[in-house]
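Structural features, examined
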Amino acid sequence: MNAKTADPTAPDQGRIVLLTTSHRVAPGLLSWPAWQALRTADRVLCADGAHPQLPYLREAGIRVDEAAPTAEELVEACVGGRTAVVVATGEGDPALTDGLARLAGSGRVRMPELELLPASYDLPGARLLDLVQVMDRIRLECPWSSQRTHKGLAKYAIEEAYELVEAIEDGDRDELREELGDVLLQVVFHARIAEEDPDAPFSVDDVAGTIVDKLVHRHPHVFGDETADTPEEVRAHWLRTKAAEKQRTSVTEGVPLGQPGLALAAKLHSRVRTAHLDVPLPSGEGIGYELLALAARAETEGTDPEAALRAAARTYRDAIRAVEG
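The model shown is predicted, which means the values in this text are computed figures rather than measured ones. (Residues numbered from 1 in each chain as written. Predicted model: local features only at pLDDT ≥ 70, side-chain atom pairs only at ≥ 80, totals over all residues. Heavy atoms only, no water.)

Under the defined criterion, the tally for this structure stands at 18 salt bridges. For E299, the salt bridge is made with R273, and the minimal N-O distance between the two is 2.5 Å. With a gap of 26 residues between them, E299 in helix α13 (residues 287-300) and R273 in helix α12 (residues 261-274) connect regions that are remote in the sequence. According to the relative accessible area criterion, E299 is buried, its value standing at 10%. A salt bridge links R297 to E301; its shortest N-O distance comes to 3.4 Å. Just as R297 is exposed, E301 falls in that class too. When salt bridges with common partners are traced through the structure, they connect R24, D122, R127 and D130 into a single cluster. (Salt bridge = Lys/Arg side-chain N within 4 Å of Asp/Glu carboxyl O. Helix = DSSP H or I, 4+ residues; strand = E, 2+ residues; numbered from the N terminus. Buried < 20%, exposed > 50% of the residue type's maximum accessible area, 1.4 Å probe, protein only.)

Mapped onto the fold, T83 is located in strand β4 (residues 83-87). Since its relative accessible area comes to 13%, T83 is described here as buried. If we skip the residues at most four places from it in the chain, T83 touches R15, V17, A41, D42 and R43. (Contact = heavy atoms within 4.5 Å.)

Spatially, β3-β2-β4-β1-β5 is the arrangement adopted by the five strands of the open sheet, whose pairing is parallel. A strand with exactly one partner marks an edge of an open sheet, and here the two such strands are β3 (65-66) and β5 (113-118). As defined by bridge partners, strand β2 (residues 43-46) adjoins β4 across three bridges and the pair is classed as parallel. Of the residues in β4, the one forming a bridge with V44 is V85. (Pairing = 2+ DSSP bridges.)

Below, the discussion takes up the layout of surface pockets. Counted as a void, the largest pocket has a volume near 410 Å³. L239, K242, A243, V251 and R271 are, among the 16 residues lining the largest pocket, the residues nearest its centre. Put simply, the parts of the chain that give the lining of the largest pocket at least two residues each are α11 (231-246) and α12. The dominant element in the lining of the largest pocket, judged by the number of residues it contributes, is α11, at seven residues. Split by residue class, the lining of the largest pocket holds five nonpolar, three polar and eight charged. (1 Å grid on protein atoms, 1.4 Å probe; cavity = no way out; pocket = protein on both sides within 12 Å on 5 of 7 lines; lining within 4 Å. Points joined across faces, edges and corners; volume = space filled by probe spheres on them. Nonpolar A, V, L, I, M, F, W, Y, C, P; charged D, E, K, R; others polar.)

Taken as a whole and assessed by the stated rule, the structure comprises one aromatic pair. Over the aromatic face of W144 sits the side chain of R148, whose NZ or CZ is 4.4 Å from the ring centroid. Across the ring face of W238, the terminal group of R218 is positioned such that the distance to the ring centre comes to 4.8 Å. (Phe/Tyr/Trp six-rings, centres within 6.5 Å; stacked < 30°, edge-to-face > 60°. Lys NZ or Arg CZ within 6 Å of the ring centre and 35° of its normal.)

Counting 18 residues, the largest nonpolar core has L19, L38, V44, L57 and V85 as its most contacted members. With four residues, helix α2 (residues 32-40) is the largest single contributor of residues to this core. Non-local contacts of V85, meaning those with residues more than four positions away in its chain, are made with V17, L19, A37, L38, A41, R43, V44 and L45. The next biggest cluster of nonpolar side chains, apart from the first, holds 14 residues, and it includes I16, L18, A71 and A88. (Core = buried A, V, L, I, M, F, W, Y, C linked by side-chain atoms within 4.5 Å.)

Attention now moves to α2. All buried positions along α2 are accounted for by A34, W35, A37 and L38. Viewed along the axis of α2, the buried residues span an arc of 160°, placing them on a single side of the element. More than 90 degrees from the buried face of α2, the exposed residues found are W32, R39 and T40. Tucked into the core, α2 has its buried residues touching β1 (15-20), β2, α3 (54-59), β4 and β5. (Arc of directions from axis to C-beta.)

The end-to-end C-alpha separation of α13 is 20 Å, in line with the 20 Å expected for 14 residues at 1.5 Å each. Every buried residue of α13 is accounted for by A295, A296, A298 and E299. For α13, the buried positions fall inside an angular range of 160° around the axis, keeping them on one side. Turned more than 90 degrees away from the buried face of α13, the exposed residues are I287 and R297. Considering only its buried residues, α13 is in contact with α12 and α14 (305-324). Once α13 ends, the next one or two residues include G302, with phi positive near 80°. (Expected span 1.5 Å × (residues − 1).)

Any link to function would need more than the numbers given here.
Okay, structure coming up:
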């Protein structure tokens, strides 16, 4: 039986609060319960003298002792109803927490009240900050990554995009998550390289800001006063705002000619059809013109000719393997 329950005259064992913070949130931005715990504590300790929170705590009038007590010492310091707040280090102070767990499990020591108090929380997307930091260090310290250029990385962006498409078509969730990360890496890598441009540098924040502005502007039915009740109306909004932004003189502008042939043909046909232009398909001899007609037909029917051909090719591959096996 716990001695604290058996003996009501025993001294109050106090309270230990393990205060955790996120390095992805600006130092000093702590929750109200965290500030309350800090201000009412009898003692505040932190084993890391360079902890980013310490200057802000001291500026707020919180005395912080730079100390790393053992579990036994911390328990003893709380006897008599005192409260000790431990500002956890980035590693989480495993020696202290493991020691407290051992003492609590032994049944031989009257333990203070133990509380884990998150003082700041990660917002959605917080791990992107980790990715930016890791990429920055790799760019500076890795012999291979430090020499890469936009042109040198271009082929990897194409490869990773195809691998992502394959993961989607396979329906493999684990593979999908990994390939999305590889595609994201390409964005962050190129943005990091762009920071070093002597004439027109930009950062990953500029990249994110640009796409945020574009999305807000092209969704007036979400962020503005317009309405859209169907996907077709949304597409009409998108095309109108895009046309006003780009001020293009031809519907072919912005269509990358380096994409696969079927996708290129379908995209051009989509631009023509959307713009209500009367442009008949060119006639000619050879398989190229036949494929162009098939791609246009697929686009009209709402089918991605590239995806359709890949699906057929995968079936063909399976048939080949079946014969080989």
